[in-house]
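One-letter residues, chain by chain:
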Amino acid sequence: MPLHDASNVAAIIVEPIAGSAGWYVPPMDYLKRLRAICDQHGILLIFDEVITGFGRLGVNFGADFYGVVPDMLNFAKCVTNGVIPLGGVVCREHIYDAMMNAGNPEHMIEFFHGYTYSGHPVACAAAIATLNLFKQEDLFARAGQMGQLLGHALHSAFAGKAGIVSIRTLGLAGAIELMPLAGLPGKRAYDVFLDCFRQGLLVRPAGENIVLCPPYIVSESQIAQMVETLTACIQRSFAAA
Ligand SMILES: Cc1ncc(COP(=O)(O)O)c(C=O)c1O
């Protein structure tokens, strides 16, 4: 008998796009199929939308982008422009009701958490200000438009180039996967990250990937500048090897 099967899995948690690992975009309908499997076996589906949530894909959440409703969804980063720490969890009514109707005495607080910084007013003010700006400046739509430009720019610069293993773009983010240095996993991307940093460009190394995840206010010329700097740093890395 397998150690894990549908009978002892309570929940599945996934990022709609595996962002922290290096912007791995799922195959079409992957999340719909995951939803169907979870429904079939009574397993909760949880979306970690810390990266994909609040506009990164040009719409509110990855759940909207893929047309799949999870049972729970956690968010953080973009809700305060990634500057002030604030996170949250949204759940479907039946989960909320199960917590609220657990039969506890009236005076007990349901679903209690005792964080030192719970409900911090500065974080809440930052979130409210961020959400207002998202709305006033229609920034999710802008993220979608700028994402198209970023995608085109990355594919134009790197498609078919030596040392490039893959290019994955969707929404306002993208990853360039590099040919690793023999025997030194992750070092190529780390070296490129350092070189970019020295040139004034902040990218994120993840395994053999360089991930770009610019702010929603990024301009077309800044995207061009980012791709130009990254191109030079990657070329330097391969020239040195
Ligand atoms: C996708 C994803 N989930 C969860 C986390 C962790 O979030 P927190 O630091 O708010 O616990 C991160 C942090 O980078 C993340 O990228």
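Residues numbered from 1 in each chain as written. Predicted model: local features only at pLDDT ≥ 70, side-chain atom pairs only at ≥ 80, totals over all residues. Heavy atoms only, no water.

K.L.:
Where do I start with the sheet that holds strand S2 (residues 44–48) in this structure?
P.N.:
Strands pair in a sheet through their backbones, by hydrogen bonds, and they do so in one of two ways: parallel or antiparallel. The four strands lie next to each other as S1-S2-S3-S4, forming an open sheet whose pairing is mixed. Looking at strand neighbours, the two that pair on one side only are strand S1 (11–14) and strand S4 (88–91), the edges of this open sheet. Pairwise comparison of adjacent strand axes, ignoring direction, gives a mean angle of 20 degrees for this sheet. Of the strand pairs in this sheet, S1 and S2 are connected by four bridges, and their pairing is parallel. Note on S2: the bridge partner recorded for Val14 is Phe47. (Pairing = 2+ DSSP bridges. Helix = DSSP H or I, 4+ residues; strand = E, 2+ residues; numbered from the N terminus. Axes fitted to C-alpha atoms, helices over the stretch in contact; angles between N-to-C directions.)

K.L.:
In this structure, what is going on with the nonpolar core? I would like to understand it.
P.N.:
In globular proteins that are soluble, nonpolar side chains generally tend to be buried together. Counting 55 residues, the largest nonpolar core has Leu154, Phe158, Ile176 and Leu230 as the members making the most contacts within it. When residues of this core are assigned to their parent elements, the largest contribution, eight residues, is made by helix H5 (residues 139–158). Shared between two domains, this core holds at least three residues of each, these being domain 1 (6–136) and domain 2 (139–240). Leave out the neighbours within four places in its chain, and Ile176 touches Leu154, Phe158, Ile164, Ser166, Ile167, Glu208, Asn209, Ile210, Leu230 and Ile234. (Core = buried A, V, L, I, M, F, W, Y, C linked by side-chain atoms within 4.5 Å. Buried < 20%, exposed > 50% of the residue type's maximum accessible area, 1.4 Å probe, protein only. Domains from an automatic or database assignment. Contact = heavy atoms within 4.5 Å.)

K.L.:
For this particular structure, what's the right way to read the layout of surface pockets?
P.N.:
Remark: the empty space left among the atoms is shown by a probe the size of a water molecule rolled over them. There is about 900 Å³ of room inside the largest pocket. Elements represented by at least two residues in the lining of the largest pocket include exactly helix H4 (121–136), strand S8 (209–212) and helix H7 (220–240). Class assignment of the residues belonging to the lining of the largest pocket gives a composition of 20 nonpolar, nine polar and four charged. Two domains each donate at least three residues to the lining of the largest pocket, and these are domain 1 (6–136) and domain 2 (139–240). (1 Å grid on protein atoms, 1.4 Å probe; cavity = no way out; pocket = protein on both sides within 12 Å on 5 of 7 lines; lining within 4 Å. Points joined across faces, edges and corners; volume = space filled by probe spheres on them. Nonpolar A, V, L, I, M, F, W, Y, C, P; charged D, E, K, R; others polar.)

K.L.:
Would you mind showing me how to read the pairing of strand S6 (residues 174–178) here?
P.N.:
The buried fraction of S6 is high, at five of five residues. Neither face of S6 is open: one carries Gly174, Ile176 and Leu178, the other Ala175 and Glu177, and all of them are buried. Looking at chain direction, strand S5 (residues 164–169) and S6 are connected through five bridges and run antiparallel. Its bridge partner lying in S6, Thr169 is registered against Gly174. Of the pairings in the sheet, the one linking S6 to S8 comprises four bridges and is antiparallel in character. Across the sheet, residue Ile176 finds its bridge partner in S8, namely Ile210.

K.L.:
I tried to follow the packing of helix H6 (residues 187–198) against H7 on my own but got confused; where do I start?
P.N.:
How two helices pack is summed up by the angle between their axes together with the distance between the axes. In the contact formed by H6 and H7, the axes pass within 9 Å of each other and the chain directions differ by 130 degrees. Taken as axis vectors, H6 and H7 run oblique relative to one another. In this structure, the crossing between H6 and H7 has a hand that is right-handed. Contact residues: H6 offers Arg188, Val192, Asp195 and Cys196, while H7 offers Leu230, Cys233, Ile234, Arg236, Ser237 and Phe238. The residue inventory of the contact of H6 with H7, partitioned by class, reads six nonpolar, one polar and three charged. (Parallel < 35°, antiparallel > 145°, perpendicular 65-115°, else oblique. Left-handed = near helix turned anticlockwise from the far one by under 90°.)

K.L.:
Which parts of the structure should I look at to understand H5?
P.N.:
Structurally, the α-helix is built with 3.6 residues per turn, so residues lying three or four positions apart point the same way. Its 20 residues give H5 an end-to-end C-alpha distance of 28 Å, which sits within 8% of 28 Å, the value for a rise of 1.5 Å per residue. Of the surrounding elements, those touching the buried residues of H5 are H4, S5, S6, S8 and H7. (Expected span 1.5 Å × (residues − 1).)

K.L.:
Would you take a moment to explain the environment of Cys91 for this structure?
P.N.:
When you line up the elements, Cys91 lands in strand S4. A residue is classified by how much of its surface remains accessible, and Cys91, at 30% relative accessible area, is partly exposed. The contact partners of Cys91, leaving out residues within four places of it in the chain, are Asp71, Met72 and Tyr96.

K.L.:
Would you mind going over helix H1 (residues 30–41) with me for this structure?
P.N.:
With 12 residues, H1 ought to run about 16 Å at 1.5 Å a step, and its terminal C-alpha atoms sit 17 Å apart, in line with that. Residues Leu31, Leu34, Arg35 and Cys38 constitute the buried set of H1. For H1, the angular spread of the buried residues around the axis is 105 degrees, confining them to a single face. More than 90 degrees from the buried face of H1, the exposed residues found are Arg33 and Gln40. Summarising the contacts, the buried residues of H1 are in contact with S1, S2 and helix H2 (62–66). The first or second residue beyond H1 is Gly42, which carries a positive phi of 65 degrees. (Arc of directions from axis to C-beta.)

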